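Report on the structure
As a plain string of letters, each chain reads:
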Amino acid sequence: MIRGEKIKYFREKNKLTQKQLTSGICSVPYLSKVENNSIVPSKEILGLLCKKLNIEYDELLQSSSTDEIKKLIYTWYDDIKARKRSATKDHYISIEKKMKGIKDIELLSMFHLCATRHFLLLREFDSAEEHLAHTEKYIEYTPKETEAYYFYFSGLYEYLKGHFQKALELYLKAKDYVNEPEYHYQLALIYSRLGKITLSIFHSERAMEEFHKNIQFKKVIDCYILLGINYNRINEHSTAITYFEKARKGIESLPDIGHLRIHIYHNMGIVYHKMKKPWEAIDYFLKSLNERDDLQGGELTIYLLASNLFQLNENEDAGRWITKGLELLKGELNETYCLLKILQFQVSKRRNDEDYKIFLEEIALPIFQKKDEFMYIRMCYEQLGDYYYRKKQYKRSSECYCSANQVESSFI
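Just so you know, these numbers come straight off a predicted model, no measurement behind them. (Residues numbered from 1 in each chain as written. Predicted model: local features only at pLDDT ≥ 70, side-chain atom pairs only at ≥ 80, totals over all residues. Heavy atoms only, no water.)

As for its placement among the helices and strands, I105 is situated in helix α7 (residues 105-121). Among the residues examined, I105 registers a relative accessible area of 3% and is labelled buried. Separated by 36 residues in the primary sequence, I105 and Y141 have C-alpha atoms spaced 7.7 Å apart. Each residue touching I105, except ones within four places of it in the same chain, is listed here: E5, K6, Y9, Y138, Y141 and T142. (Helix = DSSP H or I, 4+ residues; strand = E, 2+ residues; numbered from the N terminus. Buried < 20%, exposed > 50% of the residue type's maximum accessible area, 1.4 Å probe, protein only. Contact = heavy atoms within 4.5 Å.)

As structure tokens, this is what we get:
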């Protein structure tokens with residue numbers, strides 16, 4: 001069976017209009033229906049179209065070798081979803097060799113899409129971007145299902161780069177054709193990062209149900225953790241703790257659980273932090289840090305630990321942890337750096353300094369806005385409102401509080 005998109009691809013590659021291609025063969029409306037897969041053309045008409053396109057009839061058909069490579073790509077994708085990094089590397093090397101000389105645009109699209117997902121798993125963004133660019137050449141001429149996965153993986157690329165709103169727009173373009181639980185889990189992550197908590201909970205539960213059915217217990221744990229984070233954000237702390245406890249108990253039967261325990265303890269600490277129980281929060285943050293082989297990567301946990309020590313007026317200990325966190329970041333200007341620096345101003349009692357206001361307005365706020373970090377954007381506006389209030393600049397203070405409230409309204 002041929003697909004009409006392939007005829008369209010070769011026609012446009014030869015820079016022919018529909019009228020030019022159909023001249024002496026068939027009508028333009030007939031070709032349009034062929035290219036849109038509304039009708040199957042006769043062999044005679046196909047032969048004439050192929051002759052004018054300077055291609056062999058077989059180039060529009062799937063061969064047995066094409067079917068074999070497709071099966072290999074499906075297996076490869078299953079291993080990618082299971083995060084089997086070593087296996088996916090072997091698949092890539094093997095399948096790339098088999099793709100030499102392949103002209104089938106649908107198969108080329110499938111290969112480049114799977115390669116994109118492979119390199120996103122490995123966090124090799126340049127290679128992922130290169131394969132996305134290759135896919136884009138063919139995507140207009142492939143089935144809607146293939147196009148949907150192009151949007152899906154493009155959205156994942158944007159999410160991993162920290163562009164959450166752009167990621168959401170791409171994911172939603174894929175929703176009619178992609179229905180795997182991993183898609184719903186990742187969509188839940190995006191909604192959570194954008195503060196759309198109700199939608200995040202909905203997609204988390206949908207993904208969790210499917211993961212349960214497929215006996216993917218590690219992914220079920222991921223859903224427990226995300227649900228715990230979401231319920232904590234809307235101040236349903238007891239529900240959040242229930243999910244984190246489920247996750248903590250669930251990982252005991254799984255191999256390679258160290259990173260999950262780090263994550264669970266970190267988020268349990270955040271629950272007690274929001275409940276204004278600093279001693280309990282500190283206990284969990286220390287547990288999270290103690291699970292690490294070294295402190296690298298634990299900078300956000302360090303910030304939260306220092307923040308709770310500051311609440312208890314343990315300023316000396318808080319200051320030491322802040323210094324440690326900044327040292328670990330090695331000058332990297334990111335969200336955690338901004339949080340640590342803001343806390344450092346507060347611990348050292350420099351909130352009235354103009355340097356504090358400048359840091360909030362010119363460094364921290366733009367970084368948080370670029371990454372759509374709504375909670376931290378709100379915090380910056382609140383801190384600026386407090387600063388201007390202390391300076392008796394009441395109009396400016398009121399403007400900042402209004403901006404904070406506008407950010408608050410985005411959490412639904």
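Having seen it, we continue.
What follows concerns the packing of α7 against helix α9 (residues 144-160). For the pair α7 and α9, the least separation of the axes is 10 Å and the interaxial angle reads 20°. Overall, the two elements α7 and α9 adopt an arrangement that is roughly parallel. In the crossing of α7 with α9, the sense of the turn from one axis to the other is left-handed. Contacts between α7 and α9 pair S109, L113, T116, R117 and L120 from the former with T146, Y149, Y150, F153, L156, Y157 and L160 from the latter. Its residues assigned to classes, the contact of α7 with α9 comprises eight nonpolar, three polar and one charged. (Axes fitted to C-alpha atoms, helices over the stretch in contact; angles between N-to-C directions. Parallel < 35°, antiparallel > 145°, perpendicular 65-115°, else oblique. Left-handed = near helix turned anticlockwise from the far one by under 90°. Nonpolar A, V, L, I, M, F, W, Y, C, P; charged D, E, K, R; others polar.)

This next bit is on the packing of helix α17 (residues 299-311) against helix α18 (residues 315-329). Put simply, α17 and α18 touch, their axes get as near as 8 Å, and they point 165° apart. Looking at the two axes, α17 sits roughly antiparallel to α18. For the pair α17 and α18, the sense of crossing is left-handed. When α17 is examined against α18, the residues E299, I302, L305, A306, L309 and F310 are found in contact with a partner set consisting of N315, D317, A318, W321, I322, K324, G325, L328 and L329. Grouping the amino acids of the contact of α17 with α18 by side-chain chemistry returns ten nonpolar, two polar and three charged.

A full pass over the atoms with the stated rule returns 25 aromatic pairs. Considering the side-chain rings of W76 and F111, the 6.0 Å spacing of their centres and the 40° angle between planes classify their relative orientation as tilted. Within this pair, whereas W76 is found in helix α5 (residues 64-81), its partner F111 is found in helix α7, the two being separated by 35 residues in sequence. With 5.2 Å between their ring centres and 45° between their planes, F345 and Y356 make a pair best called tilted. Here the residue F345 occupies a position in helix α19 (residues 335-347), and Y356 occupies one in helix α20 (residues 354-370), the gap between them amounting to eleven residues. The exposure classification of F345 matches that of Y356, with both residues buried. Each residue in the set Y77, Y149, Y152, F153, Y171 and Y183 is aromatic and connected to the rest through ring pairs, giving one cluster. A cation sits over an aromatic face here: K161 above F125, 5.2 Å from the ring centre. (Phe/Tyr/Trp six-rings, centres within 6.5 Å; stacked < 30°, edge-to-face > 60°. Lys NZ or Arg CZ within 6 Å of the ring centre and 35° of its normal.)

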